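Remarks on the overall topology
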Amino acid sequence: MKKKLLLGVFTAGAIAGGLLSTKAFAQVEGEISPEEEMRLVQEFNKMLAEGVNPGEIWYEVGKEAIKKYHLDKCDLGLGPGVFKGAAAQLPRYFADAGKVMDLETRVGWCLQKYAGMTQDQVLKFVRQCWGKSGNCMSEYDGIIMYLTMESNGHKINVNLKDPHVKKMFEMGKQVYYTRLGPWDFNCATCHAGKKEVRIRATRLWSADRPGEAGGAVSIFPKYLVRWGMPMSMHYRYAECIRQMRWPEFIPHSDLGVALSTYMYGLANGTEIKAPGIGR
Amino acid sequence: MAVGTGILRVPKEAKKGEVVRVQMVITHPMSPARKDPQTGQQIPAHHLTKLDLLFNDKLVSTINMGAGVSANPFMALTLKVEESGVVKIVYEDNKGGKWEKTAEIKVS
Amino acid sequence: MKKGLILTGLFVLVAGVVEAQQKKAQQAQPKKEQAVKQEEVMQVLKSGLSSDPRFAWKVQQDEAQRICSQYPSREEMPASAVQKVIQLSQAEIKYPQWGIYMGDWKEGKKLVDSPRGGRYASYGFSDKPTDKGGNCYACHLIEKGVPGGTMGPNLYQYGKRWNITKENLNSPETVEKIKSVYNIVYNSWSAFPCSSMPRFGYHGNLSPEDIANIVAYLLHPESPVNK
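Throughout this document, residue positions are counted from 1 along each chain, in the order its sequence is written. Chains carry letters from A onward and ligands carry numbers from 1 onward, assigned in written order. At least 70 in pLDDT is required for a residue's local features to be given in this predicted model, at least 80 for side-chain atom pairs to be given and counted, and no such filter applies to totals for whole chains, interfaces and linings, which use all residues.

1. Quick word on the overall build of chain A
In this description a helix means any DSSP run of H or I spanning at least four residues, a strand means any run of E spanning at least two, and both kinds are numbered starting from the N terminus. Scanning chain A from terminus to terminus reveals 11 helices and 7 strands. Residues with at least 20 other C-beta atoms within 10 Å of their own are called buried, those with 12 or fewer are called exposed, and the rest are partly exposed. The C-beta atoms themselves are positioned from the backbone. Per-residue burial for chain A yields a buried fraction of 46% across its 279 residues. Any two residues are considered in contact once their C-beta atoms, placed from the backbone, lie within 7 Å. When contacts within chain A are restricted to residue pairs at least 6 apart in sequence, long-range pairs at least 24 apart make up 68% of them.

See below:
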């Protein structure tokens, strides 16, 4: 207890000392200090949050795509074609598939069943705009955006009492803390811990601070200004995993479902507010 | 789905003489003329050039744009309303595309 | 008299509660209850990541990673596990030729600034195989005025704070200091077990010469970090 307190005080003092010294120098030199730059970034993010979110255009795209790919027969847990509030109770166990699935995995499964796609075609469909930084409109992103926005206002309600879902939650938690790869990273390297930290100019949310996991996942798909398109959860996993120097993530895999179950499980009670917006 | 689709958002109701905010988002790459780094080929510019805001078919504002505006631009204009009517935006790009969108406001 | 009694009573109550909390914390310490087995976790991980044979080595956990994965943070590790990780990490640290621990700080700056290296994907933003870097600004503040992260300690004027000057640059105490910083950058777990900092030298992300250059950038009196 005492050691933790001492460590905390020392770190806080070190950071304060460091920041203070840099600020002093910046004022002498006339350049922007790191804190000033951070403040400007927060203001930019706040300005982005006002106004219409360009991600809402994908809502219409998704509406058309759902008719085109016969996804009105898709059962997201509330009945075939019932989409209002469906995303809020995902991930859940599906008896017809025999496994726990999150929103994207279920859409991939429905595409195979009702639109006649093969597994490879589904993966290609999912990845059609990955890696592009502009002018790319993906029907898959539209479908996910539409289905999530139909649950806007509903509170996330993952049923952790279901034994299958509970096992997946534990699995996700274990994966979250598994150190792997040439940089020894795991999800917890950045997204755990009681102390508020940032990576470069970006504040990091933590699974250990209550409410932050909810704040992070309830706004997905998130429209990213730098790419001019929304980012779905599985694309976010793929990008995080790429930055962790792990081998490439396969969308709709059990790994994605495990992570979704863990994070949405932590986010229980948060209202869905898609799309979010960020740099 | 295509380039040029947009969202036009105005308050449904307003008081006479009130200044309302007309918000719009238009899907468009808004790219300048540039060279493909891999092949060296010239890619021509593709961006919106003009957006007119009309209220009951009377021109209120014009926005002239170039390639410097970011992709999928979000724009907001203010409009003083004295009577109920139809807000219309008409916009075009440099490749000959022309679109319009309308929305109604009820003024009490 | 009464006030004294009440105060003592409150103190005993608080002390008792604190002790109970500490005991509870000790009992709730890991090993975490294994509702899922380790093999199942690795199975799920491997099935979700590309099985490209070039990267198959990346999904093999080594002994130290296995130990660190069982605890959410260093504070919750028992002393035996901490000792084991330090032991494994100190075992094999490679030094540059001729025992020179400091290199060229200009080269070190390039590695410290670069976020590239090791990020492969079949879509878009992949790094080149020749890219390498430490991405140090992600977690550290290093030079004055340059934005950096706060996950690791502030390294501003690091060499100055270690009292390394041009005069004492070759003294045995300074060489020891330089060597200890080299050890941290090469394999951070030898000094801070299960640290968030990657073990750059151990995994071969950076060569011993690269690390010597980085150490020079951090510690040399001429380097911009110390000005």
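2. A closer look at the UniProt feature "domain: Cytochrome c" (unreviewed entry) in chain A
Taking the UniProt record as the reference, the feature "domain: Cytochrome c" (unreviewed entry) is found at residues 167-279 of chain A. With 40% helix and 12% strand, residues 167-279 of chain A has end C-alpha atoms that lie 35 Å from one another. UniProt positions are given in the numbering used here, feature names are shortened, and annotations may be inferred rather than shown by experiment.

3. Let's talk about the interface of chain A and chain B
Facing the 13 residues of chain A at the interface are 14 residues of chain B. Its residues assigned to classes, the side of chain A that touches chain B comprises 6 nonpolar, 4 polar and 3 charged. Residue polarity is assigned by list, with Asp, Glu, Lys and Arg as charged and Ala, Val, Leu, Ile, Met, Phe, Trp, Tyr, Cys and Pro as nonpolar; anything else, Gly included, falls into the polar class.

4. Comments concerning the nonpolar core
One nonpolar core equals one set of buried Ala, Val, Leu, Ile, Met, Phe, Trp, Tyr and Cys residues connected by C-beta atoms within 7 Å. Counting residues in each nonpolar core, the largest one holds 91 residues, and the members touching the most others are I143(A), V175(A), A258(A) and M263(A). When residues of this core are assigned to their parent elements, the largest contribution, 8 residues, is made by helix α11 (residues 254-266) of chain A. Setting aside chain neighbours within four positions, we find V175(A) in contact with L255(A), A258(A), L259(A), V41(C), V44(C) and L45(C). Residues Y101(C), I164(C), Y186(C) and L219(C) belong to the second largest nonpolar core, which totals 30 residues.

5. Quick notes on the packing of helix α5 (residues 105-113) of chain C against helix α8 (residues 208-219) of chain C
All names here are of chain C. Contact geometry for α5 and α8: axes closest at 7 Å, N-to-C directions at 100 degrees. As the angle between them shows, α5 and α8 are arranged roughly perpendicular. Residue-level contacts link W105, E107, G108, K109, L111 and V112 of α5 to D210, N213, I214, A216 and Y217 of α8. Split into classes, the residues belonging to the contact of α5 with α8 amount to 6 nonpolar, 2 polar and 3 charged. Whenever a helix is involved, its axis is fitted only over the stretch in contact; in every case the axis is a line through C-alpha atoms, and angles between N-to-C directions fall within 0 to 180 degrees. Every angle not falling under 35 degrees, over 145, or within 65 to 115 is termed oblique; those three ranges are roughly parallel, roughly antiparallel and roughly perpendicular.

6. Here we look at the sheet that holds strand β9 (residues 85-93) of chain B
All names here are of chain B. Pairing between two strands requires that DSSP report at least two bridges joining them. Ordered by their spatial adjacency, 5 strands build an open sheet running β2-β10-β9-β6-β7, and the pairing between neighbours is mixed. For this open sheet the edge positions go to β2 (13-14) and β7 (58-64), each flanked by a neighbour on one side alone. Strand direction decides the pairing type here: strand β6 (residues 48-55) and β9, joined by 7 bridges, are antiparallel. Counterpart to L48 in the pairing with β9 is D93.

7. Considering the packing of helix α7 (residues 172-186) of chain C against α8(C)
Residue and element names in this part refer to chain C. Packing of α7 against α8 leaves a shortest axis separation of 10 Å and a crossing angle of 125 degrees. Taken as axis vectors, α7 and α8 run oblique relative to one another. Viewed along their axes, α7 and α8 form a crossing whose handedness is right-handed. Taken together, the residues of α8 that come into contact with α7 (itself represented by I178, V181, Y182, V185 and Y186) are I211, A212, I214, V215, L218 and L219. Residue composition of the contact of α7 with α8, by class: 11 nonpolar, no polar and no charged. By definition, turning the near helix anticlockwise from the far helix through less than a right angle yields a left-handed crossing, and turning it clockwise yields a right-handed one.

8. Here's the deal with the interface of chain C and chain A
Tallying the contact residues gives 49 residues for chain C and 53 residues for chain A. Those elements that place two or more of their residues in the side of chain C that touches chain A are α2 (38-48) and α3 (63-69) of chain C. No other element matches the 6 residues that α2(C) contributes to the side of chain C that touches chain A. Among the residues making up the side of chain C that touches chain A, the classes are represented as 23 nonpolar, 19 polar and 7 charged.

9. Points about helix α6 (residues 139-149) of chain A
For α6(A), the buried fraction is high: 10 of the 11 residues fall into the buried class. Lining the buried residues of α6(A) we find α3 (57-68), α4 (103-114), α5 (119-126) and β6 (229-231) of chain A.

10. A closer look at the sheet that holds β6(A)
Residue and element names in this part refer to chain A. Reading across the sheet, the 3 strands line up as β6-β5-β7 and stay open at both edges, with mixed pairing between neighbours. The sheet is open, and its two edges are formed by β6 and β7 (276-278), each paired on a single side. Within the sheet, the average angular offset between the axes of one strand and its neighbour, ignoring direction, is 35 degrees. Of the strand pairs in this sheet, strand β5 (residues 222-224) and β7 are connected by 3 bridges, and their pairing is parallel. Bridging across to β7, L224 finds its partner in G278.

11. A closer look at the confidence of the model for chain A
All names here are of chain A. pLDDT gives the predictor's per-residue confidence on a scale running from 0 to 100. Per-residue confidence for chain A averages 87 on the pLDDT scale, and 88% of its residues sit at or above 70. Confidence scores differ between elements of chain A, with helix α1 (residues 2-29) showing the lowest mean pLDDT of 48 and α11 the highest of 96. This stretch, residues 12-29, has a pLDDT under 50; its non-local contacts, to residues over four places away or in other chains, come to 24 contacts.

12. Some remarks on the pairing of β6(B)
Residue and element names in this part refer to chain B. Here 6 bridges tie β6 to β7, and the two strands are oriented antiparallel to one another. By the bridge assignment for β7, K50 is matched with N64. Two successive antiparallel strands, β6 and β7, enclose a turn made up of 2 residues, where N56 displays a positive phi of approximately 50 degrees.

13. With respect to the environment of G276(A)
Residues and elements named next belong to chain A. Checked against the element boundaries, G276 lands in strand β7. Through-space distance from the C-alpha of G276 to that of A216 is 9.3 Å; in sequence the pair is 60 residues apart. Beyond its immediate sequence surroundings of up to four residues, G276 is in contact with I219, F220 and K222.

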